[in-house]
Amino acid sequence: MKRIFVLLCVGFVLNIGLLRAEGPALRPEYLTQMEMPNAISVNVGYYSVENILTSLSGILFAFDPDTHETSTFTAPTVGVRYMRTISPVITAGCALHYSAFIRNAVREADNATIKQNCNNIALSAEIRFTYLRRGILKMYGSVGLGVSYWNIVEKNVEPQHGPFFNFNISPLGLRIGRQVGGFVELGLGYRGLVAAGFDIRF
């Protein structure tokens, strides 16, 4: 994963160098693409890495002979992202995502209720490559790397918390719109296996 990120950074630098080297030859088209270079988006995702790990931990939890799980609620991942267009092909920015789950169980020994609350916050840097433009339609792929901070709270138990490395790879993204648009992305990581939302360009 680190090698992929390094290659993306090298490609980013080379792309900017190429645009500057070409000078006026690319300037008119470049400025057209850069008329609204900034974008803020809001998205909701399902089956993020945190959600998948939560499901796996629930399976392990079920094998504990001393406890019996009664219910689990996993909230969809909610994210906000800022991106800036660097060239007609490359866009870079940062993102913040939040996910949570609540698990209820009963301890067999004393019939006590166990309630776990877990919160995950992911902060990341992202880079996006646009590989198709047709009018208001755009197809792209993106890669993000960052750090997540998780916190698990359980009554009468010392809280568990700490940072961990996180990522997101979305090989297929589809956006429709101009200043305001909607999008759908498929991938793996902190955003989810499938995510959808809208963005505003300015």
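Just above, that's the structure.
Note that the structure is predicted; figures quoted are calculated from it, not measured.

How each quantity is defined
- Residues numbered from 1 in each chain as written.
- Predicted model: local features only at pLDDT ≥ 70, side-chain atom pairs only at ≥ 80, totals over all residues.
- Heavy atoms only, no water.
- 1 Å grid on protein atoms, 1.4 Å probe; cavity = no way out; pocket = protein on both sides within 12 Å on 5 of 7 lines; lining within 4 Å.
- Points joined across faces, edges and corners; volume = space filled by probe spheres on them.
- Helix = DSSP H or I, 4+ residues; strand = E, 2+ residues; numbered from the N terminus.
- Nonpolar A, V, L, I, M, F, W, Y, C, P; charged D, E, K, R; others polar.
- Buried < 20%, exposed > 50% of the residue type's maximum accessible area, 1.4 Å probe, protein only.
- Pairing = 2+ DSSP bridges.

### Some details on empty space enclosed by the protein
(1) Moving on: The tally for this structure, following the rule as stated, stands at two cavities of 30 Å³ or more.
(2) Moving on: Size it by volume and the largest cavity reaches roughly 40 Å³.
(3) Moving on: Along the walls of the largest cavity sit Ala39, Ile40, Ser41, Arg81, Met83, Arg128, Phe183 and Asp199, which together make up its complete lining.
(4) Moving on: Of all the secondary-structure elements, those providing two or more residues to the lining of the largest cavity are β1 (38-46) and β3 (77-85).
(5) Moving on: Of all the elements, β1 adds the most residues to the lining of the largest cavity, at three residues.
(6) Moving on: Each residue belonging to the lining of the largest cavity can be placed in one class, and the counts come to four nonpolar, one polar and three charged.

### Overview of the pairing of strand β8 (residues 180-189)
(1) Moving on: Along β8, the buried face is formed by Gly181, Phe183, Glu185, Gly187 and Gly189; none of Val180, Gly182, Val184, Leu186 and Leu188, which line the opposite face, is buried.
(2) Moving on: Across seven bridges, the pairing between β8 and strand β9 (residues 194-201) is antiparallel. In the strand pairing of β9, Glu185 is matched with Ala195.
(3) Moving on: Between β8 and β9, which pair antiparallel and follow one another directly, the connecting turn spans four residues, one of which, Gly192, has a positive phi of 120°.

### A look at the pairing of β1
Two faces make up the sheet, and in a regular strand the side chains alternate between them.
(1) Moving on: Note that β1 and β3 share eight bridges and pair antiparallel. Following the sheet pairing, Ser41 is matched in β3 by Arg81.
(2) Moving on: In this structure, β1 lies alongside β9, joined through eight bridges in antiparallel fashion. By the bridge assignment, Val42 is partnered in β9 with Phe198.

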